[in-house]
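# Observations on the three-dimensional arrangement
Each chain is listed here by its residues.
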Protein chains: 4
Amino acid sequence: MFKLKLPIIVLNFKTYVESTGLNALKLAKTCEKISRETGVSIAVAPQTADIYRVSSEVGIPVLAQHVDPIQPGANTGGTLMECVKEAGASGILINHSEKTLKISEIDFIISYARQLSMVTLACSNNINVSGAIAALNPDMIAVEPPELIGSGISVSKAKPEVVTGTVNFIKRINPSVIPLCGAGISSGEDVKAAVKLGTKGVLLASGVIKAKNPETALRSLAEAFT
Amino acid sequence: MFKLKLPIIVLNFKTYVESTGLNALKLAKTCEKISRETGVSIAVAPQTADIYRVSSEVGIPVLAQHVDPIQPGANTGGTLMECVKEAGASGILINHSEKTLKISEIDFIISYARQLSMVTLACSNNINVSGAIAALNPDMIAVEPPELIGSGISVSKAKPEVVTGTVNFIKRINPSVIPLCGAGISSGEDVKAAVKLGTKGVLLASGVIKAKNPETALRSLAEAFT
Amino acid sequence: MFKLKLPIIVLNFKTYVESTGLNALKLAKTCEKISRETGVSIAVAPQTADIYRVSSEVGIPVLAQHVDPIQPGANTGGTLMECVKEAGASGILINHSEKTLKISEIDFIISYARQLSMVTLACSNNINVSGAIAALNPDMIAVEPPELIGSGISVSKAKPEVVTGTVNFIKRINPSVIPLCGAGISSGEDVKAAVKLGTKGVLLASGVIKAKNPETALRSLAEAFT
Amino acid sequence: MFKLKLPIIVLNFKTYVESTGLNALKLAKTCEKISRETGVSIAVAPQTADIYRVSSEVGIPVLAQHVDPIQPGANTGGTLMECVKEAGASGILINHSEKTLKISEIDFIISYARQLSMVTLACSNNINVSGAIAALNPDMIAVEPPELIGSGISVSKAKPEVVTGTVNFIKRINPSVIPLCGAGISSGEDVKAAVKLGTKGVLLASGVIKAKNPETALRSLAEAFT
């Protein structure tokens with residue numbers, strides 16, 4: 001079973017122009033460079049159509065941004081786990097607040113991913129949902145209050161009680177699940193606050209992708225873990 | 001603006017094991033080979049994660065199986081048209097009965113695809129819906145009665161009135177739209193019947209992908225157009 | 001077959017507090033009163049749970065705000081056309097921008113409603129979609145640019161070209177369909193502009209429901225038709 | 001806070017002809033009669049459009065089959081909790097396998113229902129999902145393996161390990177949640193098996209509604225609890 005090295009920075013490429021196609025490749029290479037320089041684990045989550053290209057050229061973990069709760073068969077337009085795996089993804093991000101899933105779908109995907117030896121990082125919008133997802137046994141859960149996503153106001157500083165509450169609830173329900181946090185993370189201080197609250201890493205997007213200098217932004221985040 | 005050469009066979013790879021990853025690549029090469037040998041236009045629609053790999057190695061048109069009605073931005077897990085285009089797709093299949101869309105989404109995607117010079121092939125489930133989609137001005141419409149999809153019973157022979165009705169309704173609403181048909185197509189006879197009913201090509205999947213010998217199946221379909 | 005008298009004001013109750021439960025009943029009685037006083041046809045679209053109560057006590061047409069594309073059977077939580085009909089609805093509003101539908105669902109619902117002798121009023125978000133829906137043959141289409149809904153800026157004054165374009169496109173595709181318009185309608189002037197552009201009525205919600213005095217607001221709208 | 005008396009039989013009316021409109025009313029009266037005769041608690045879940053009519057004429061608890069995760073406002077076609085409550089529902093059935101919900105929606109609905117003093121009965125499709133939903137703190141959870149729903153093969157006899165597993169997992173995650181079971185329940189023996197496995201009641205539909213004699217079927221189920 002593949003395991004991600006902790007602590008970890010997971011960079012969600014979303015569907016920004018700055019992280020699509022050739023730009024996705026460049027950004028992934030920047031992530032790889034910073035990961036090597038700092039020794040901090042960085043995983044990238046490019047769009048499905050970019051997974052093959054990115055994973056063929058970088059040596060850091062690549063996650064899919066979403067998969068559908070399907071098995072091989074007649075599912076036109078579906079995102080099949082086996083397909084993103086063969087394209088080079090070693091794990092999957094699921095239930096992001098921009099692509100939420102039904103509870104039975106989350107359960108299916110987590111079980112199925114485990115059979116395929118793929119890592120699962122499930123997002124939750126609050127403490128309760130973090131606990132509920134923990135019962136479904138993903139590898140990691142990132143709590144992200146939707147109102148802070150893309151806001152530049154970090155969850156670890158603006159809503160520390162949500163992070164602490166998540167860490168504690170997950171521990172009670174299923175201590176094998178690794179807690180992360182996200183939403184508004186953009187600086188090394190945000191990262192330090194997140195670690196202090198008990199998380200093992202951060203999930204972010206615009207804080208790096210929309211930064212004037214993504215490489216600089218990413219380096220300062222990574223250095224906060226060292 | 002990119003134009004597909006007519007008549008055309010569009011092979012929908014769905015999410016079958018036989019058309020995922022390396023198998024997708026092999027199947028696309030078979031399609032290319034048959035297209036060269038017979039001179040008949042063949043387009044392939046692999047899974048999103050396979051578009052880059054397939055389009056990098058074959059010279060025939062590649063379509064995405066689905067795109068989301070989104071523009072670049074914060075759309076985690078979304079399938080962005082710009083991304084599949086940069087990965088090598090020259091067109092998109094939309095509203096397949098396994099991935100149906102809202103009417104306003106179909107409208108958005110068709111307009112947006114045109115701005116990006118991508119070809120649109122919209123599926124419809126019956127005569128009425130074919131006419132409705134024609135008003136939205138896609139490049140092509142493939143009528144596919146859902147109950148015949150994957151059945152091995154071809155629409156062109158079992159429900160010729162649906163094909164004829166579609167051809168006529170499309171012509172009345174928007175004569176610039178090219179009619180295709182699909183569902184159950186697996187033999188050269190099915191193709192000949194489809195052409196006789198006024199379509200300019202066929203959309204199919206299992207008839208080739210699940211055939212004992214896909215190359216043989218595809219050749220007999222292509223030769224029926226010559 | 002039930003027919004609505006034209007011109008018509010259709011009041012969508014949405015899920016506002018002011019139009020829920022007992023408030024829905026009071027509002028429907030106000031609509032009935034104004035309709036009698038002015039002679040102008042007014043239909044109300046209360047929430048599903050209020051249809052029976054409202055239709056039992058008022059004599060004006062009652063529409064459901066939505067129905068699901070289902071037939072009697074095992075559809076827990078579904079909104080069945082036969083059920084809203086027996087509860088007293090004589091028609092249905094479908095594809096409102098707050099409850100959009102797939103194109104095949106719109107087609108199914110319109111056909112099924114006709115079998116049940118229920119009137120269909122389908123919403124569209126722009127000219128193209130109006131034309132597409134016209135091909136599906138509903139009784140009425142109300143064009144409502146989503147960005148103007150609830151804005152207080154009326155479509156008939158701010159985007160007259162959308163109304164005119166819809167009227168013309170519907171006429172070309174299917175002249176038996178009656179064009180209405182909606183979004184931002186709140187005054188008699190908005191109504192007069194709508195009529196002048198070729199529509200046979202208006203669909204509105206907050207312009208009356210959120211008015212300081214809904215009765216006064218409704219009367220001034222109705223009088224604009226006389 | 002409203003509390004349902006245990007043990008309980010919850011009869012889901014779905015959208016069957018036999019439980020729509022006037023038939024819903026008759027069936028609810030039969031349920032009331034059997035409940036009085038046997039002293040066993042029976043709750044009914046009619047379609048949304050029938051809630052007012054049913055709750056106005058019977059004295060047993062009425063549940064909605066579904067509500068949307070919304071608050072009062074502009075939600076055309078939405079099923080508002082305040083509206084079904086005012087229509088007479090004292091609780092809600094959610095996440096039935098025929099109307100599944102996103103995990104964040106289940107969380108929202110349960111919290112919101114508690115504020116409105118409405119009872120929540122959430123359905124789950126397996127042991128894992130039962131545990132996950134328990135973390136969201138509904139009043140009751142009914143585990144229903146989808147493949148047995150409507151099958152006539154009862155979960156309590158065909159898959160006792162799913163019922164026991166659910167009872168145990170719920171107890172570990174949140175002992176205040178009451179476990180029920182459903183799917184295929186049609187006889188008194190099925191009920192006795194369900195009770196023996198640790199549940200406090202059953203959720204069923206076709207076993208009564210599609211029975212030759214619903215009253216007889218219901219009586220034998222109720223008597224099994226006594």
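Residues numbered from 1 in each chain as written. Chains lettered and ligands numbered in written order. Predicted model: local features only at pLDDT ≥ 70, side-chain atom pairs only at ≥ 80, totals over all residues. Heavy atoms only, no water.

### As for the overall build of chain A
The secondary structure content of chain A amounts to 10 helices and eight strands. Taken over C-alpha atoms, the radius of gyration comes to 16 Å for chain A, in line with the 17 Å a tight globule of 226 residues would show. In terms of overall dimensions, chain A has a C-alpha envelope of 45 × 40 × 30 Å along the principal axes. Every one of the 226 residues in chain A was classed for burial, and the buried ones make up 63%. A fraction of 67% describes how many contacts in chain A between residues 6 or more apart in sequence connect residues 24 or more apart. For chain A, the exposed surface amounts to about 7,500 Å²; the carbon and sulfur share of it is 51%. (Helix = DSSP H or I, 4+ residues; strand = E, 2+ residues; numbered from the N terminus. Rg over C-alpha atoms; globule rule 2.2 N^0.38 Å. Buried < 20%, exposed > 50% of the residue type's maximum accessible area, 1.4 Å probe, protein only. Contact = heavy atoms within 4.5 Å. Areas by Shrake-Rupley, 256 points an atom, 1.4 Å probe, with all protein chains shown as cover.)

### Considerations on the relation of the copies chain A and chain B
The two chain copies are related to each other by a rotation about an axis together with a translation along it. The two copies are related by a screw motion: chain A maps onto chain B through a turn of 180° and a shift of 0.0 Å along the axis, at an RMSD of 0.0 Å. The transformation just described matches what one would write down for a two-fold rotation axis. Among all residues of chain A, the one whose C-alpha sits closest to the rotation axis is A:Ala49, at a distance of 2.3 Å. Taken together, the interface assignments show that 100% of the residues at the interface of chain A recur at the interface of chain B, consistent with an identical surface on both copies. (Least-squares fit on C-alpha atoms with pLDDT ≥ 70 in both.)

### Details of unusual backbone geometry
All names here are of chain B. Here the bond from Leu6 into Pro7 is cis, since omega is -10°, no more than 30 degrees from zero. Secondary-structure assignment places Pro7 in the segment before strand E1 (8–12). Backbone geometry places Lys14, a non-glycine residue, at a positive phi of 45°. Considering the arrangement of structural elements, one finds Lys14 in the loop between E1 and helix H1 (22–38). A relative accessible area of 3% means that Lys14 is categorised as buried.

### Regarding the interface of chain A and chain B
In this complex, chain A contributes 36 residues to the contact, which on the side of chain B involves 36 residues. Both sides together, the interface formed by chain A and chain B hides about 2,900 Å², and carbon and sulfur atoms give 57% of it. The three residues of chain A that bury the most area against chain B are A:Thr15, A:Tyr52 and A:Thr76, which together make up 24% of that side's buried surface. On inspection of chain A and its partner chain B, the count reaches two salt bridges. Residues A:Glu86 and B:Arg53 are paired through a salt bridge, measuring 3.8 Å at the closest nitrogen-oxygen approach. Scanning the region where chain A abuts chain B turns up 20 residue pairs in polar contact (both at pLDDT 80 or more). Mapped onto the side of chain A that touches chain B, the elements with two or more residues apiece are helix H2 (51–57) and helix H3 (81–86) of chain A. Residue contributions to the side of chain A that touches chain B peak at four residues, all from H3(A). Here the side of chain A that touches chain B is built from residues that sort into 13 nonpolar, 15 polar and eight charged. (Buried area = accessible area lost by both parts, 1.4 Å probe. Salt bridge = Lys/Arg side-chain N within 4 Å of Asp/Glu carboxyl O. Polar contact = N/O pair within 3.5 Å; in protein donor to acceptor, adjacent residues only side chain to side chain. Nonpolar A, V, L, I, M, F, W, Y, C, P; charged D, E, K, R; others polar.)

### Focus on the environment of C:Asn75
When you line up the elements, C:Asn75 lands in the loop between strand E3 (63–64) and helix H3 (81–86). Note: C-alpha distance between C:Asn75 and C:Gly152 (77 residues apart in sequence) is 38 Å. Of note is the side chain of C:Asn75, whose polar atom sits 2.9 Å from the side chain of D:Thr15.

### A look at the relation of the copies chain D and chain C
With an RMSD of 0.0 Å, the fit of chain D onto chain C corresponds to turning through 180° and sliding 0.0 Å along the axis. Here 100% of the contact residues of chain D are again contact residues in chain C; the copies associate through an equivalent surface.

### What about the packing of helix H4 (residues 103–115) of chain A against helix H5 (residues 127–134) of chain D?
The description of two packed helices rests on the angle between their axes and on the distance between the axes. For the pair H4(A) and H5(D), interaxial distance at closest approach is 10 Å and the crossing angle is 125°. One element, H4(A), and the other, H5(D), form an angle in the oblique class. The two elements H4(A) and H5(D) cross, and the hand of that crossing is right-handed. Contacts between H4(A) and H5(D) involve A:Ile103, A:Ser104 and A:Asp107 from the former and D:Asn128, D:Val129, D:Ala132 and D:Ile133 from the latter. Residues that form the contact of H4(A) with H5(D) fall into these classes: four nonpolar, two polar and one charged. (Axes fitted to C-alpha atoms, helices over the stretch in contact; angles between N-to-C directions. Parallel < 35°, antiparallel > 145°, perpendicular 65-115°, else oblique. Left-handed = near helix turned anticlockwise from the far one by under 90°.)

### Here's the deal with the arrangement of the chains
For the non-touching pair chain A and chain C, the nearest C-alpha separation works out to 16 Å. Left apart from each other, chain B and chain D have a closest C-alpha approach of 16 Å.

### So, the pairing of strand E5 (residues 119–124) of chain B
Residues and elements named next belong to chain B. Where burial is concerned, most of E5 is hidden: six out of the six residues are buried. Side-chain alternation along E5 places Val119, Leu121 and Cys123 on one buried face and Thr120, Ala122 and Ser124 on a second face that is also buried. In the sheet, strand E4 (residues 91–94) pairs with E5 via four bridges, with the strands oriented parallel. In the sheet register, Ile94 faces E5, and the bridge partner there is Ala122. Handedness of the crossover joining E4 and E5 through helix H4 (residues 103–115): right-handed. Bridging between E5 and strand E6 (residues 140–143) involves four bridges; their strand directions are parallel. Looking at E6, one finds that Ser124 is bridged to Val143. (Pairing = 2+ DSSP bridges. Right-handed = clockwise from strand over helix to strand, strands pointing away.)

### Observations regarding the sheet that holds strand E4 (residues 91–94) of chain C
Two modes of strand pairing occur in sheets, parallel and antiparallel, and in both the strands are linked by backbone hydrogen bonds. Residue and element names in this part refer to chain C. Pairing within the open sheet is parallel, and its eight strands lie in the order E2-E1-E8-E7-E6-E5-E4-E3. Among the strands making up the open sheet, the edge pair consists of strand E2 (41–45) and E3. Looking at chain direction, strand E1 (residues 8–12) and strand E8 (residues 201–204) are connected through four bridges and run parallel. Bridge assignment links Ile9 to a residue of E8, and that residue is Val202. Along the sheet face, helix H1 (residues 22–38) touches E1 and E2 and points at about 170° away from the line of E2.

### Points about the packing of aromatic side chains
Given two aromatic rings, one states the distance between the centres and the angle between the planes to describe the pair. Residues and elements named next belong to chain B. Following the criterion strictly, the structure yields six aromatic pairs over all chains and no others. Look at Phe108 and Tyr112: their rings are 5.3 Å apart centre to centre, the planes differ by 15°, and that puts the pair in the stacked class. Taken together, the positions of Phe108 and Tyr112, both in helix H4 and four residues apart, correspond to about one turn of that helix. (Phe/Tyr/Trp six-rings, centres within 6.5 Å; stacked < 30°, edge-to-face > 60°.)

### Here's the deal with the interface of chain D and chain C
Residue-level contacts link 36 residues of chain D with 36 residues of chain C. Summed over both partners, the interface of chain D with chain C comes to about 2,900 Å²; 57% of that surface belongs to carbon and sulfur atoms. Inspection of the chain D/chain C interface yields two salt bridges. Listing elements by their share of the side of chain D that touches chain C, those giving two or more residues are helix H2 (51–57) and helix H3 (81–86) of chain D. Per-element tally for the side of chain D that touches chain C: the top contributor is H3(D), with four residues. In the side of chain D that touches chain C, the residues fall into 13 nonpolar, 15 polar and eight charged.

### Side note on the pattern of salt bridges
Residue and element names in this part refer to chain D. Across all of its chains, the model carries 44 salt bridges over all chains by this definition. For Lys157, the salt bridge identified is with Glu189, shortest N-O distance 3.1 Å. Of this pair, Lys157 sits in helix H6 (residues 155–158) while Glu189 sits in helix H8 (residues 188–196); the two residues are 32 residues apart in sequence, bridging distant segments of the chain. According to the relative accessible area criterion, Lys157 is partly exposed, its value standing at 47%. The exposed category is assigned to Glu189, whose relative accessible area is 54%. For the salt bridge of Glu215 with Arg219, the shortest nitrogen-to-oxygen distance reads 3.1 Å. You can see Glu215 and its partner Arg219 sitting in helix H10 (residues 214–223), four residues apart, about one turn around the helix. Judged by relative accessible area, which is 22%, Glu215 ranks as partly exposed. The partly exposed category is assigned to Arg219, whose relative accessible area is 22%.

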